[in-house]
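Coordinates in review
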Amino acid sequence: MTSDSKSVSSSASGSSNRRSATPNEPDGSIVPSSSSGDFMSFFKGILSFTGDLSALTCPSFLLNGISLLEYGAHWSDYPHVLAEITKATDPAERMKLVARWFVSTLYGSYNKRVAESNTGEKKPFNPILGEQFRASWADPEYGETTFVCEQVSHHPPVSGIYFENAKAGIYGSGHFSQKSKFKGTTMKVVQEGRVTVRMAGTDEIYCLTLPSLNICSILTGKPFLEMSDSTYIRSSKGYSAEFQWLAKSWFYGEYHKFTGRIFRDPAPTYAASGSEQEALYSMKGKWVAESTVTDERTGAESVLFDVKAQPAADILIRPIEEQSELESRRVWNKVSEALASGNYDVASREKTAIEENQRALRRERAAANAEWKPALFTWIDDADDDEAVRRCYAYLYAAKESVGTGSWVFNESPHHVRKPASQPSGTQTPSDAFSTAQSSVV
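What you see is a predicted model; the values in this text were computed from it and never measured. (Residues numbered from 1 in each chain as written. Predicted model: local features only at pLDDT ≥ 70, side-chain atom pairs only at ≥ 80, totals over all residues. Heavy atoms only, no water.)

**Some words on a nonpolar patch on the surface**
Applicable threshold: Only residues whose relative accessible area exceeds 30% and that form no salt bridge enter a patch; like-charged residues are grouped when within 9 Å of one another, and nonpolar side chains (Val, Leu, Ile, Met, Phe, Trp, Tyr) when within 5 Å. The method behind every accessible area is Shrake-Rupley, applied with a 1.4 Å probe, and residues are considered shielded solely by the protein chains displayed. Salt bridge, as applied in this entry: a Lys or Arg side-chain nitrogen positioned within 4 Å of an Asp or Glu carboxyl oxygen. A run of H or I in DSSP counts as a helix once it spans at least four residues, and a run of E counts as a strand once it spans at least two, with each numbered from the N terminus. Only protein chains enter the accessibility calculation, which uses a 1.4 Å probe; a residue is then buried when its area is under 20% of its type maximum, exposed when over 50%, and partly exposed in between.
A surface patch of nonpolar side chains, amounting to about 550 Å² of accessible area, comprises Trp250, Phe251 and Tyr252. Following the sequence through the fold, Phe251 ends up in the loop between β13 (239-246) and β14 (257-264). A residue is classified by how much of its surface remains accessible, and Phe251, at 73% relative accessible area, is exposed.

Laid out in structure tokens, this is it:
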């Protein structure tokens, strides 16, 4: 396994114009001058579309050459930050370190592609059902951190993720799904799902909701992501963290700012100002740059996380020829190569071939009355999970219903609940998904 030559967060075509500072808006357009007419036609189409925008076919010149499945790897961009959570002996301090780790995942997930290329955000590939992505990171002190992701549903699209550092004794499972629609000239993306973090040798858990997103400046051909609304973390020891993402107003302000707080709350469900809440820390700053945390009891301020202070760890991915037929880089290799060379007609043909193959597999499974099941993840309803999980997510559900009522859990997780799996419901069910089973996708 070697260090990846194509960053998870880079576009397929790459860029020599690397910038250390994060721009408010990118300078370069993602639309080739020869395709401006096609872009405007596509833009008019999405303005009149009433369903989930992820169902629309995107022109090839707007694709970034990376599967959406790979974006989950940013949960491990800074493996030492994840591992250091286990060093804290106090539950309030641990919640601060969990908040620090969460903030460290945001830059790679939602801004790095724009900041490094200085062009707008492009659309990733919609993963095929059963698609997988595997990666790892090496740290001289904490050893190896591993990551695996699987597309557990295609309609609606849901991705299951798992990360682990065995040496530090910390691991997490989760899943995410996205629903998007236009509001004015901005695309609103609601992320449904959750992440549950555990540590070996303890029953303490940390449960996280996901941020909502605004995709801005689409009409100019220079789209970028801004976070909006709120995100929450809840520990089984009764500690909470709340982040408020401050979207820039139309006329003034700055992009990518946030405020937050960490507090102890004995209440069973979240309330914005519960009478028994005990303030511990406040947070503020830019999630694309530096943020600080202040101890509300002493007034001491320190850096929470600084994106520019250290680069993300090098991600390690097996060469394509060593990957299975369901791994992302192998699935989309021909499409990515065509995009990198600017051959959009070939990219469209190769992408269509993959999609048609998936439709054929779905028809075959329907004719055989065969049920598809994920290979790596199992659905667990909260009602069938540990009491700590039930209590944490009941608390969070009062704050953000998009956290759902169950989890996709990695089968090889140390915690995997050994009970009959419940059938997922609502936006998380794979019952209408395409099948890849054991078949080749290319």
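**Some words on helix α9 (residues 387-397)**
The condition that has to hold: Throughout, the arc means the angular range of directions from the helix axis out to the C-beta atoms. Residue contacts are counted whenever heavy atoms from the two residues lie within 4.5 Å of one another.
Burial in α9 covers these residues: Ala388, Val389, Cys392, Tyr393, Tyr395 and Leu396. In a view along the axis of α9, the buried residues occupy a sector of 150 degrees, so they form one face of it. Structurally, α9 contributes buried residues whose contacts are with β8 (186-199), β9 (205-208), β12 (230-235), β13 and β14.

**Regarding the pattern of salt bridges**
The tally for this structure, following the rule as stated, stands at 18 salt bridges. Notably, a salt bridge pairs Arg297 with Asp295, separated by 3.0 Å at the nearest N-O pair. Accessibility expressed as a relative area gives 14% for Asp295, which makes it buried. Three or more residues joined by partner-sharing salt bridges are found here, namely Glu254, Lys257 and Lys286.

**What about the side chain of Thr294?**
Tracing the backbone shows Thr294 in strand β16 (residues 290-295). You can call Thr294 buried: its relative accessible area is 15%. Once you skip the residues sitting within four places of it in the chain, Thr294 turns out to touch Leu280, Tyr281, Ser282, Gly299, Ala300 and Glu301.

**Things to note about the environment of Ser336**
Condition: Here a polar contact means two N or O atoms within 3.5 Å. Within protein one must be a hydrogen donor candidate and the other an acceptor candidate, and residues neighboring in sequence count only if both atoms are side-chain atoms.
Take Ser336: it is sitting in helix α7 (residues 333-340). Along the sequence, Ser336 and Gly65 sit 271 residues apart, while their C-alpha atoms lie 4.6 Å from each other. From its side chain, Ser336 meets the backbone oxygen of Gly65 in a polar contact 2.8 Å long.

**As for the packing of aromatic side chains**
Rule in force here: What counts as a ring pair is set by centres within 6.5 Å for rings of Phe, Tyr and Trp (its six-membered ring), and what kind of pair is set by the plane angle: stacked under 30 degrees, edge-to-face over 60, tilted for all other angles. The criterion for a charge sitting over a ring is simple: Lys NZ or Arg CZ within 6 Å of the ring centre, and within 35 degrees of the ring normal.
Overall, the coordinates contain 21 aromatic pairs when judged by the stated rule. A centroid spacing of 5.6 Å and a plane angle of 50 degrees characterise the contact between Trp101 and Phe163, whose relative ring orientation is tilted. Linking Trp101 in helix α3 (residues 91-104) with Phe163 in strand β6 (residues 158-165), this pair joins segments that are 62 residues apart in sequence. Exposure class is identical for Trp101 and Phe163. Each is buried. Each member of the aromatic cluster is reached from another via a ring pair, and the members are Trp75, Trp101, Phe102, Phe163, Phe243, Trp245 and Phe258. In this structure, Arg261 is placed above the aromatic ring of Phe263, and the distance from its NZ or CZ to the ring centre is 3.9 Å. Above the ring of Tyr281, the side-chain terminus of Arg297 is found at 5.1 Å from the ring centroid.

**Points about the confidence of the model for the protein chain**
For the record, the criterion: Predictor confidence is given residue by residue as pLDDT, running from a minimum of 0 to a maximum of 100.
Counting all residues, the mean pLDDT for the protein chain is 85, and 81% of those residues have values of 70 or more. Low pLDDT, under 50, characterises residues 9-23; the predicted model gives this stretch 34 contacts beyond four residues in sequence or across chains. Residue range residues 417-442 is modelled with pLDDT below 50. Its contacts to residues more than four positions away, or to other chains, number 77 contacts.

**A look at the nonpolar core**
Rules: Grouping buried Ala, Val, Leu, Ile, Met, Phe, Trp, Tyr and Cys residues that are joined through side-chain atoms within 4.5 Å yields what is termed a nonpolar core.
Within the largest apolar cluster, 69 residues are counted, with the highest numbers of intra-cluster contacts made by Trp75, Trp101, Phe102, Phe133, Phe163, Ile233 and Phe243. In terms of nonpolar packing, the next biggest core, distinct from the first, is built from 14 residues, Leu62, Trp332, Val335 and Ile354 among them.

**Describing the packing of α7 against helix α8 (residues 344-367)**
Operational definition: Axis angles are defined between N-to-C directions and span 0 to 180 degrees, where every axis is a line fitted to C-alpha atoms and, for a helix, only to the segment in contact. Orientation is classified from the angle alone, with under 35 degrees giving roughly parallel, over 145 giving roughly antiparallel, 65 to 115 giving roughly perpendicular, and any other angle giving oblique. Each crossing is labelled by how the near helix is turned from the far one, with a counterclockwise turn of less than a right angle marking it left-handed and a clockwise turn marking it right-handed. Just so you know the grouping, Ala, Val, Leu, Ile, Met, Phe, Trp, Tyr, Cys and Pro go in nonpolar, Asp, Glu, Lys and Arg go in charged, and all remaining residues, Gly too, go in polar.
Relative orientation of the contacting elements α7 and α8 amounts to 165 degrees, with a least axis distance of 8 Å. Between α7 and α8, the angle falls in the class roughly antiparallel. Along this stretch, α7 crosses α8, giving a crossing that reads as left-handed. Touching Lys334, Val335, Ala338 and Leu339 of α7 are Tyr344, Val346, Ala347, Glu350, Lys351 and Ile354, all from α8. Split into classes, the residues belonging to the contact of α7 with α8 amount to 7 nonpolar, no polar and 3 charged.

**A closer look at the pairing of β9**
Formally: When DSSP finds at least two bridges between two strands, those strands are taken to pair.
Because side chains alternate across β9, one face comprises the buried residues Ile205 and Cys207, and the other comprises Tyr206 and Leu208, equally buried. Direction of pairing for β8 relative to β9: antiparallel, over a ladder of 4 bridges. Following the sheet pairing, Val195 is matched in β9 by Leu208. As paired elements, β9 and β12 share 3 bridges and run antiparallel to each other. Bridged to Tyr206 within β12 is Ser235.

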